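Breakdown of the fold
The chain contents come next:
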Amino acid sequence: MKKRMSVLVLVLLLLVCGGCASGEERMAEEDTQTQKPLQIGMSFDSFVIERWQRDRDVFVSTAMELGAEVNVQNANGDIEEQIAQIEYFIDKEMDVIVIVCIDSDSLGGVVQKAKGAGIKVIAYDRLIKNGDVDLYISFDNEAVGEMMAEGIVGSDMDVHSVLMLCGPLVDNNVSLVNEGFRNVIQGHQIEIIDMMHADGWKAELGAEYIYNHIETVKRADAIMCGNDDIATAVVRALAEKRLAGKIGVVGQDADLAACQRIVQGTQIMTVYKPVEKLAQQAARCAIELGEGRSVEAESTIDDGSYQVPYMTLEPVSVYADNMDEVIVNSGFHLKEDVYLNIPELRASGGSREAE
């Protein structure tokens, strides 16, 4: 009788322990199933500049493929709105916040608040001053300016004087681009006869400059435009004054309209920045940081108070003779779109040698 009771007790104990184990396994399974995907908040300056829409789409699709969710906000060029968006992301307890800043000097405080809440912060393409971000990822912006200047210097135009119609100085990249441009231009004894900064990257301010300073414009052999959007407005204004093609124009971002002008001959060159690579790399870094892993950046940059990790990608100069290789073959723009206004080149594959 005692033996039977002992066996019965042993069986009951085994059943109870087995039930506990299976219960723990079920709870672990439920925890895994209910665990939220990594949450990324992304605040853009605006989508006025053509390229930002491409950056957004590639970043979001890459992050989603890696299992994260992305909440995209558009500040429409309003710095107070961008600060409010970052505050919103902090309240939502995002794992990572990615920022395309409007004003490099105005976000340090709110970025520090996000970091204090344990949220990782990435400065995307534009440096945030005094914020101690976890990563700054961008292109080599001084090299962008150097390439624009080299496009002017190396053109078949006789260039003695240039105008600089730049982006806003609140964008830290503008100073870097300008520095690279000036270093090359001044090294070739070319005079910079005037400089303008377009507030909020408003392209129409470039056109206004042409209309309001036409005598100065006529003295210039070439115009450096802060981006291709400004270049579009500038070339249209020059065309109205019958100066398009007579004054050389350079820009950056490889907007479709700029690529069309280059093959037509009304813009010397642009700088292509492979934004797909930038967005993909930034998305991967955001996942790694959000998961508590470290990101290896090749260098650091001084944000005014801190040395922050700095990851760079190389830009590429684009001219008529390498348009197919850099832009068309990479799929950045379609051949038929680039050569839209030159049917014979479109039909022959876009190469002038094919004529």
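Located above this text is the structure these notes cover.
A brief structural summary.

In a regular helix each residue adds 1.5 Å, so 16 residues correspond to 22 Å; helix α6 (residues 172-187) covers 23 Å between its end C-alpha atoms and thus fits that length. Residues of α6 that are buried include every one of Asn 172, Asn 173, Val 174, Leu 176, Val 177, Asn 178, Gly 180, Phe 181, Val 184 and Ile 185, and no others. Buried residues belonging to α6 abut β5 (135-139), α5 (141-153), β6 (161-166), β7 (191-197) and β8 (222-225). Two or three places before Asn 173, at the opening of α6, Asp 171 has a side-chain oxygen 2.9 Å from that residue's backbone nitrogen. Looking at the residues trailing α6, positive phi occurs at Gln 189, about 55°.

For the coordinates displayed, the defined rule picks out one cavity of 30 Å³ or more. Each pocket or cavity is described by its volume, and for the largest cavity that value is around 160 Å³. Asp 171, Trp 201, Gly 226, Gln 252 and Lys 273 are, among the 20 residues lining the largest cavity, the residues nearest its centre. No other element matches α6, which puts four residues into the lining of the largest cavity. Looking at the lining of the largest cavity residue by residue, the class counts come to seven nonpolar, seven polar and six charged.

Taken together, the buried positions of helix α7 (residues 204-212) are Gly 206, Ala 207, Tyr 209 and Ile 210. Axial view of α7: buried residues confined to an arc of 155°, hence all on one face. Turning to α7, the residues buried within the fold contact β6, β7, α8 (214-219), β8 and α9 (228-240).

With that settled, the discussion passes to the packing of aromatic side chains. Here the structure, examined in full by the defined rule, presents five aromatic pairs. Taken together, a centroid distance of 4.9 Å and an interplanar angle of 45° make the contact between Phe 44 and Phe 47 tilted. Judged by its relative accessible area of 19%, Phe 47 is buried. Relative to Phe 332, the ring of Tyr 272 has its centre 4.9 Å away and its plane inclined at 70°; by these criteria the two rings are edge-to-face. In this pair, Tyr 272 is assigned in strand β10 (residues 270-272) and Phe 332 in the loop between α12 (323-328) and α13 (335-338), connecting sequence segments 60 residues apart.

Take the packing of α7 against α9 next. The N-to-C vectors of α7 and α9 enclose an angle of 30°; their axes lie 7 Å apart at closest approach. Between α7 and α9, the angle falls in the class roughly parallel. Every pair of crossing elements has a handedness; the one defined by α7 and α9 is right-handed. Packed against α7, whose contacting residues are Glu 204, Gly 206, Ala 207, Ile 210 and Tyr 211, the element α9 presents Ile 230, Ala 233, Val 234, Ala 237, Leu 238 and Glu 240 at the interface. Broken down by class, the residue content of the contact of α7 with α9 amounts to eight nonpolar, one polar and two charged.

Criteria and cut-off values
- Residues numbered from 1 in each chain as written.
- Predicted model: local features only at pLDDT ≥ 70, side-chain atom pairs only at ≥ 80, totals over all residues.
- Heavy atoms only, no water.
- Helix = DSSP H or I, 4+ residues; strand = E, 2+ residues; numbered from the N terminus.
- Expected span 1.5 Å × (residues − 1).
- Buried < 20%, exposed > 50% of the residue type's maximum accessible area, 1.4 Å probe, protein only.
- Contact = heavy atoms within 4.5 Å.
- Polar contact = N/O pair within 3.5 Å; in protein donor to acceptor, adjacent residues only side chain to side chain.
- 1 Å grid on protein atoms, 1.4 Å probe; cavity = no way out; pocket = protein on both sides within 12 Å on 5 of 7 lines; lining within 4 Å.
- Points joined across faces, edges and corners; volume = space filled by probe spheres on them.
- Nonpolar A, V, L, I, M, F, W, Y, C, P; charged D, E, K, R; others polar.
- Arc of directions from axis to C-beta.
- Phe/Tyr/Trp six-rings, centres within 6.5 Å; stacked < 30°, edge-to-face > 60°.
- Axes fitted to C-alpha atoms, helices over the stretch in contact; angles between N-to-C directions.
- Parallel < 35°, antiparallel > 145°, perpendicular 65-115°, else oblique.
- Left-handed = near helix turned anticlockwise from the far one by under 90°.

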